[in-house]
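# A structural walkthrough
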Amino acid sequence: MKNKFLKLPIILFFIILFIFFYLLIIDRNPAKVPSALLNKNVPIFVTKTLVKNEKFSSSKEFGDQVTLVNFFATWCKPCKDEHAFIMRFSSEKNIKIVGINYKDNPKKTIEWLKKLGNPYSNVALDKNGKIAIDWGVYGIPETFIINSRGIIKYRHVGAITPKIYKKINLIIKEIE
Amino acid sequence: MAPTLGNLALWLSLVFAGSQFYNTRKKNKLKIISISVIGLLISSLFSFFLLIYLYVISDFSVLNVFQNSHTTKPLFYKITAVWGNHEGSMLLWIIVLTIFNYFIFKLYNKKNFIFVSKTLEIQSFITLGFIVFTILTSNPFERMVPVQENGLGFNPILQDPALAIHPPLLYIGYVGFSAAFSISVATLVLKNGKNFPWYKYMKPFVMVAWTFLTIGIALGSLWAYYELGWGGWWFWDPVENASFMPWLLGTALLHSLIIVDKKQSLQAWVLLLSILAFLLSVVGTFLVRSGILTSVHAFALDPTRGIYILLFIAILGGYSLMLFSSKSKIYSTKNYFNFFSKEGSILVNNIIMVVACATVLLGTIYPLLMEALTGNKISIGEPYYNSTVVPIMLPAILIMGVGPILSWGKESVLEIAKKVSSVFIITLAMTIIIFSIYKSYTFLGIAGIVLAFWIIFNNLTTLYRNKFNNLTGMVVAHLGVGFLMLGITASSIWQVEEIIKMKLKSETEINKYQIFFNEINEIKGSNYLSLRGDFLVYDKGKNIIAKLKPENRFYPVTGNFTSEASIHTNLFRDLYIVLGEGNINEGWTVRLYYNPLVVWIWIGAFTIFLGGVISINKSLKRMPK
């Protein structure tokens, strides 16, 4: 009995090490927050577009080609930081880009896009943040990749960095 | 030239560590061992100072300097950048190891040759492991071509005096436990360990490790308080936990060593604790450097590093714990304690510390366990720790007030009551006074405040009665825990937070203070640009008490933004203000905190440190000659 008790520390120790080891060798990204929507259809919503103030319907916008959806706002600093990458996606023309303008002032947003360049083929307004809630957005910026059948394939929380930029490009190739 | 020399010195320290391992194992002559020990010390110090030199002269042919430094950085931060990154901090870790190694070597006398040699053998094995790791996966002297004009600069939130000395102090703590580990393993290997006063050798090392770990953690927490701008000082971040766990075990170890010294019982327990304390320190390193979890502290992601450290932990832990399970039986005794005695109170303290440590460990690795088993990610945060660790620790604090004044052996309950009655009355009075000022009641809050005063006044009376004696260090450290407890409780239960949008020349109020937003200016710092708000604080009588100047800094080299909180401190409260986003038309988002008694956390930590230093002094004098 006593001897078994003395072996307890070593048994627990190796169980913990084994977990660490397992997590090290499997392919995972600890910074990645999984989306409950991954591999599911895009949430359905209807709202207004930014520039022309027309009807924006999710079922019409998504599902005909691979689309990048970017939640952004003019008041968010990281959004400004990642804007260059969104511009790059738009100049490469591999993918349709839709912006969702989160809790923002439309006039300011139009000015902002004039100044920094407008990479979006269309911008939907999410004035009270309801669309973001449906998409499970943590905090902007957030970027989603949707395949040509309207299914969410990838999600990134936070600004796009050079590393994420490369990764998104790979994913686009993969699902095309 | 210098980088090659540094690399050479690193390889040389590998050779000396290897030779120390070989010669202590073969029990060769003292002279040969001393050459290895001193050679190891000098070569590792030399490589460390060379790296500092490379940072000072901004030698961008070295990858590590290029990645972490910049010519515009002030000299002081060029130097501290050496350990602000993974590779350089490994070098710091190694020199602390070799310094402790040297102190173990200094223990040699006529009677303990075999014991000290064995300890040095284990210590050199640990050192070897870290040197090989550094050379193979994290060599700070690695060159790069082509040579760059200027460096990348480094994370500006690390550019701070408290953070500059936080890692070295923390490492003295972590690595200090390596000496206890080596002594413990050496003892278990030894044939007549039971009759050998190994604990007398272990005690000063544990004291040093624990004392420095305490102040290291406190400085990190102080930095988080004023630099991160969240108004708090502890976030139960996995890496904070990684330093807190060895601290808890170290606390248990420190107290058990007193019993071993006095009564020769609990030996097996102490041997186990000292092994676990160091293993947990290395696991902490693993958590930070393997990229297995995310945290504000995490270094760059690199799985090969993780695998290496893990392998090393497996060897250290496997060997030592196996040894423990087969050899520790002779150290177990069947001495039972009386509950109402000094040893009884220490034993209860031990159980509580270990349970608290296990709770923190569970909270830290549970998300990893769940992910390994189910593939789902979960996160465990503050609510878990606040509702588990805090209540677990409360009884320990209660006992802490009484324990030191109990006698060894047995004591009647009546005697105890006599000893504490006056303190009991003062405590009650103070509690009533403070609650009549702050007027907010929660169960944990009342318990925390009562216990804090309980400890403070118990120790103050002891200090007053006994003047300066053997126990002074302990009493001072306990007094510090009382202050700490007061600060923690008060700032947790009475903190007031306001987040508002303020325009220039507008005014707001927080807890009887008027805050006036006077002006906003652009400032040019040494290597940053900043937007600085100017806030005037008035009290009820419209007198200006303070000017607070929170900043939003931009570091052009790395492109980082940081916010510098501005804090007005006195013994009763902190006024804490953070400038957020905004512009001249709409005003700025401003966060205001009223943090009562928070300064007592740092006063407490420093008092504990002081107590530790006094005790180190005492225990060094009592080393076997």
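Worth saying up front: this structure is predicted, and the values here are computed from it rather than measured.

## Overview of the overall build of chain B
Broken down by element type, chain B carries 17 helices and 10 strands. Per-residue burial over chain B gives 59% buried out of 625 residues. The long-range share in chain B, meaning contacts at least 24 apart out of those at least 6 apart in sequence, stands at 72%. Accessible surface, chain B as shown: approximately 25,800 Å² in total, 67% of it carbon and sulfur. Considering chain B, the positive charge centre built from 48 side chains and the negative charge centre built from 29 side chains are found 19 Å apart.

## A word on the overall build of chain A
Regarding its fold elements, chain A presents six helices and seven strands. Starting at the N terminus and ending at the C terminus, chain A contains elements arranged as α-β-β-α-β-α-β-α-β-α-β-β-α. Every one of the 176 residues in chain A was classed for burial, and the buried ones make up 49%. Sequence separation of at least 24 residues holds for 70% of the intrachain contacts in chain A that already meet a minimum separation of 6. Carbon and sulfur atoms make up 57% of the accessible area of chain A, which totals about 9,800 Å².

## Describing helix α12 (residues 342-374) of chain B
Along its 33 residues, α12(B) runs 47 Å from first to last C-alpha, staying within 8% of the 48 Å computed at 1.5 Å per residue. Of all the bends found along α12(B), the most pronounced is centred on Ile365(B) and spans about 40°, while Pro367(B), a proline, follows it within four residues.

## What about the interface of chain B and chain A?
On the side of chain A, 26 residues touch chain B, which itself brings 35 residues to the contact. Across the chain B to chain A interface the summed buried area is about 2,800 Å²; carbon plus sulfur atoms make up 74%. Among the residues chain B hides against chain A, the three largest losses belong to Ile292(B), Leu310(B) and Lys377(B). Together they make up 18% of the total. Here chain B is connected to chain A by zero salt bridges. Summed over the shared surface of chain B and chain A, the number is zero residue pairs in polar contact (both at pLDDT 80 or more). Only α10 (267-289), α11 (303-327) and α12 of chain B provide two or more residues apiece to the side of chain B that touches chain A. Looking at the side of chain B that touches chain A element by element, the count peaks at 12 residues for α11(B). Of the residues in the side of chain B that touches chain A, the class split is 21 nonpolar, nine polar and five charged.

## Remarks on the environment of Ile307(B)
Relative to the helices and strands, Ile307(B) is located in helix α11. Separated by 58 residues in sequence, Ile307(B) and Leu249(B) have C-alpha atoms that sit 26 Å apart. In this structure Ile307(B) touches Phe21(A), Leu24(A) and Ile25(A), once residues within four positions along its chain are discounted.

## Remarks on the confidence of the model for chain A
Mean pLDDT for chain A: 82, with 90% of residues reaching 70 or above. For chain A, per-element mean pLDDT is lowest for helix α5 (residues 130-135) of chain A, which scores 80, and highest for strand β3 (residues 67-72) of chain A, which scores 92.

## Points about the side chain of Asn112(B)
Residues and elements named next belong to chain B. Mapped onto the elements of the fold, Asn 112 is located in the loop between α5 (86-105) and α6 (113-137). The class of Asn 112 is buried, set by a relative accessible area of 1%. One polar contact links Asn 112 to Tyr 201, side chain to side chain, over a distance of 2.9 Å. Among residues more than four places away in sequence, those in contact with Asn 112 are Leu 107, Phe 196 and Tyr 201.

## Some thoughts on the packing of aromatic side chains
On inspection of all chains with the given rule, the structure shows 51 aromatic pairs over all chains. Ring plane angle 70° and centroid distance 5.9 Å describe the contact between Trp236(B) and Phe244(B), whose orientation is recorded as edge-to-face. Judged by its relative accessible area of 11%, Trp236(B) falls in the buried class. Here the aromatic residues Phe21(B), Trp93(B), Phe125(B), Phe130(B), Tyr171(B), Tyr174(B) and Phe312(B) are joined through ring pairs into a cluster of three or more. Across the ring face of Tyr165(A), the terminal group of Arg88(A) is positioned such that the distance to the ring centre comes to 4.3 Å.

## Focus on the sheet that holds strand β4 (residues 96-102) of chain A
Residues and elements named next belong to chain A. Read from one edge of the open sheet, five strands run β5-β4-β3-β6-β7, paired in mixed fashion. The strands lining the two open edges of the sheet, one partner per strand, are β5 (122-126) and β7 (152-157). Sheet twist, expressed as the average angle between the axes of neighbouring strands with direction ignored, equals 20°. Sheet topology places β3 next to strand β6 (residues 142-146); five bridges connect them, and they run antiparallel. Paired with Leu 68 across the strands is Ile 145, a residue of β6.

Rules used in this analysis
Residues numbered from 1 in each chain as written. Chains lettered and ligands numbered in written order. Predicted model: local features only at pLDDT ≥ 70, side-chain atom pairs only at ≥ 80, totals over all residues. Heavy atoms only, no water. Helix = DSSP H or I, 4+ residues; strand = E, 2+ residues; numbered from the N terminus. Buried < 20%, exposed > 50% of the residue type's maximum accessible area, 1.4 Å probe, protein only. Contact = heavy atoms within 4.5 Å. Areas by Shrake-Rupley, 256 points an atom, 1.4 Å probe, with all protein chains shown as cover. Lys, Arg positive; Asp, Glu negative; His and termini not counted. Charge placed at Lys NZ, Arg CZ, Asp CG, Glu CD. Expected span 1.5 Å × (residues − 1). Bend = angle between axes of the 7 residues up to and from the residue. Buried area = accessible area lost by both parts, 1.4 Å probe. Salt bridge = Lys/Arg side-chain N within 4 Å of Asp/Glu carboxyl O. Polar contact = N/O pair within 3.5 Å; in protein donor to acceptor, adjacent residues only side chain to side chain. Nonpolar A, V, L, I, M, F, W, Y, C, P; charged D, E, K, R; others polar. pLDDT = per-residue confidence, 0-100. Phe/Tyr/Trp six-rings, centres within 6.5 Å; stacked < 30°, edge-to-face > 60°. Lys NZ or Arg CZ within 6 Å of the ring centre and 35° of its normal. Pairing = 2+ DSSP bridges. Axes fitted to C-alpha atoms, helices over the stretch in contact; angles between N-to-C directions.

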